[in-house]
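# Structure at a glance
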Amino acid sequence: MSIVTILGAGVMGSAMCLPARDRGHEVRLVGTHLDRDIIDSVKANGLHPKLNVKLPDGVKGFHHEDFGAALGTDTDLIVLGISSAGVNWAIDRLCEALKTPVPVVMITKGMHPEEAKLTALPDRVKAEVQRRTGLSLTIAAIGGPCIAGELAVRRHTGTVITSHDTAFAGTLCGMLETDYYHPRVSADVIGVEICAAFKNFFAISVGWAVGHLDKMAVTENRAFNHNAAAIIFDQAIRELMVLVKAHGGTEQSVWGMPGAGDLYVTCQAGRNSRLGNNLGRGLTYKQTKEGPMKGDTIEGAELGVVVAGTLRAMMGNGTLNPTALPLTRALLDALTNDSGLDIPWADLHRHN
């Protein structure tokens, strides 16, 4: 048995309690400053109010100010289950609490922008903790299609665990694999992480097709708009391939669970798709954030805003071919210029 401390009691971090507990590990679930009500509920009766399920017996809840106590000196694995916006906060907590290196696995989806490239969040966390504390962490990340509500009721779920240390990734697979949770090893850290982050970004565009149906005249056969969604989905995969290859990742990540699999799942429901629905109905990003999605965290949109400068710089210096990224450019324009999302139909499927 190992001791697993999860930082972040949102739906995804908490859903990871299931495979960890079912493998017999002790689980300490630590909330962020936004998770106080969740931790209070878990402490009181084990019920996670957002997942609407009772977490397994033996999951111990801690508030964020007690992270050091939860970590103790006996934690074998830290799971970072915070959002991309909370990564710097999590780095601060790690630097405060860690006295010796503890292995880390991240389920956060996002990228760190630099002047001329994007950096995977695990690499960013490792570098920053080492810079500030001198501690060298062994770190991995989990990618692939994983709806938290399904994992929380033990539906079959396939993921990839990626690390520069593939032996560590294999160890994690062994720690977490159950008869319903099926992780596999990948050495393609940058490819998996680009797919994990950008599937949220591209799901916005696929969601556009569903929302745009509301603006179209009802036909006599009450046709849907699935063909348009499929064209956009295909273009999203093509552009994921361009982004991954430009950063040294592999095609397998794009065509496999981290890319195509995760994009498929993300397009079924969720906040990124709902933003796309609203853009398809004619609203701008700002109008959507001030109206029907006020207060919602939309990670695909936040990613687009954060990385827009880097991607445009890479297109400007020739690292990325802008003609191969028409959907990316349209999404960046919509998110950073507060304009409508104009799908560039004539430019799609022009670049192999």
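The sections below set out a description of the structure shown in this document. (Residues numbered from 1 in each chain as written. Predicted model: local features only at pLDDT ≥ 70, side-chain atom pairs only at ≥ 80, totals over all residues. Heavy atoms only, no water.)

### Some words on helix α16 (residues 326-336)
Among the 11 residues that make up α16, eight are buried, leaving the element largely enclosed by the rest of the structure. Buried-residue contacts for α16 involve α9 (189-212), α10 (226-246), α13 (271-280), α14 (285-290) and α15 (299-316). (Buried < 20%, exposed > 50% of the residue type's maximum accessible area, 1.4 Å probe, protein only. Helix = DSSP H or I, 4+ residues; strand = E, 2+ residues; numbered from the N terminus. Contact = heavy atoms within 4.5 Å.)

### Comments concerning the layout of surface pockets
Looking at the largest pocket, its volume works out to about 1,400 Å³. Along the wall of the largest pocket there are 47 residues; nearest its centre are V11, M12, S83, R271 and E299. Elements represented by at least two residues in the lining of the largest pocket include exactly α1 (11-15), β10 (139-143), α7 (148-151), α9, α12 (257-268) and α13. Ranked by residues supplied to the lining of the largest pocket, first place goes to α12 with four residues. (1 Å grid on protein atoms, 1.4 Å probe; cavity = no way out; pocket = protein on both sides within 12 Å on 5 of 7 lines; lining within 4 Å. Points joined across faces, edges and corners; volume = space filled by probe spheres on them.)

### Overview of the pattern of salt bridges
For the structure shown, the criterion picks out 18 salt bridges. The shortest N-O distance in the salt bridge between R238 and D234 comes to 2.7 Å. Taken together, the residues span about one helical turn, with R238 and D234 both in helix α10 at a distance of four residues. Relative accessible area serves as the criterion here: at 30%, D234 is assigned to the partly exposed category. (Salt bridge = Lys/Arg side-chain N within 4 Å of Asp/Glu carboxyl O.)

### Some thoughts on the packing of α9 against α10
Packing of α9 against α10 brings their axes to within 9 Å, and their N-to-C directions diverge by 155 degrees. Considering the angle they form, α9 stands roughly antiparallel to α10. In the crossing of α9 with α10, the sense of the turn from one axis to the other is right-handed. Note on element contacts: α10 touches α9 through A228, A229, I232, F233, A236, E239, L240, L243 and V244, opposite G191, I194, C195, F198, F202, S205, V206, W208 and A209. Its residues assigned to classes, the contact of α9 with α10 comprises 15 nonpolar, two polar and one charged. (Axes fitted to C-alpha atoms, helices over the stretch in contact; angles between N-to-C directions. Parallel < 35°, antiparallel > 145°, perpendicular 65-115°, else oblique. Left-handed = near helix turned anticlockwise from the far one by under 90°. Nonpolar A, V, L, I, M, F, W, Y, C, P; charged D, E, K, R; others polar.)

### Remarks on empty space enclosed by the protein
Unoccupied space between atoms shows up once a probe the size of one water molecule is rolled over them. What the rule picks out here adds up to one cavity of 30 Å³ or more. For the largest cavity, the calculated volume is near 30 Å³. Along its surface, the largest cavity is lined by P122, D123, I139, A140, T162, S163, H164 and V189. Every element with two or more residues in the lining of the largest cavity is listed here: α6 (121-133) and β10. The residue inventory of the lining of the largest cavity, partitioned by class, reads four nonpolar, three polar and one charged.

### Considerations on the sheet that holds strand β2 (residues 26-30)
Strand order across the open sheet formed by eight strands is β5-β2-β1-β6-β7-β10-β11-β12, with mixed pairing between neighbours. With partners counted over all chains shown, the strands left at the sheet margins are β5 (59-62) and β12 (181-186), one partner each. When the angles between neighbouring strand axes are averaged without regard to direction, this sheet yields 25 degrees. Pairing between strand β11 (residues 157-162) and β12: six bridges, direction parallel. Bridge pairing in β12 places T159 opposite P183. Its contacts with the sheet put α6 on β7 (104-106) and β10, and the angle it makes with β10 is roughly 160 degrees. Here helix α8 (residues 166-176) sits on the sheet and contacts β1 (3-7), β6 (77-80), β7, β10, β11 and β12; the angle it forms with β12, its principal contact strand, is near 175 degrees. (Pairing = 2+ DSSP bridges.)

### Some thoughts on helix α3 (residues 36-45)
Each α-helix turn comprises 3.6 residues. Residues three or four places apart therefore point the same way. Residues I38, I39, S41 and V42 constitute the buried set of α3. Here the buried residues of α3 occupy an arc of 160 degrees about the axis, which is enough to place them on one side. Turned more than 90 degrees off the buried face of α3, the exposed positions are D37 and A44. Of the surrounding elements, those touching the buried residues of α3 are β2, β3 (47-48) and β5. Of the residues one or two after α3, G46 is the one with positive phi, at around 80 degrees. (Arc of directions from axis to C-beta.)

### Comments concerning the side chain of D262
Tracing the chain through its elements places D262 in helix α12. Residue classification places D262 among the buried residues on the basis of a relative accessible area of 4%. Those residues in contact with D262 that lie beyond four places of it in its chain are G144, P145, C146, A196, K199 and M257.

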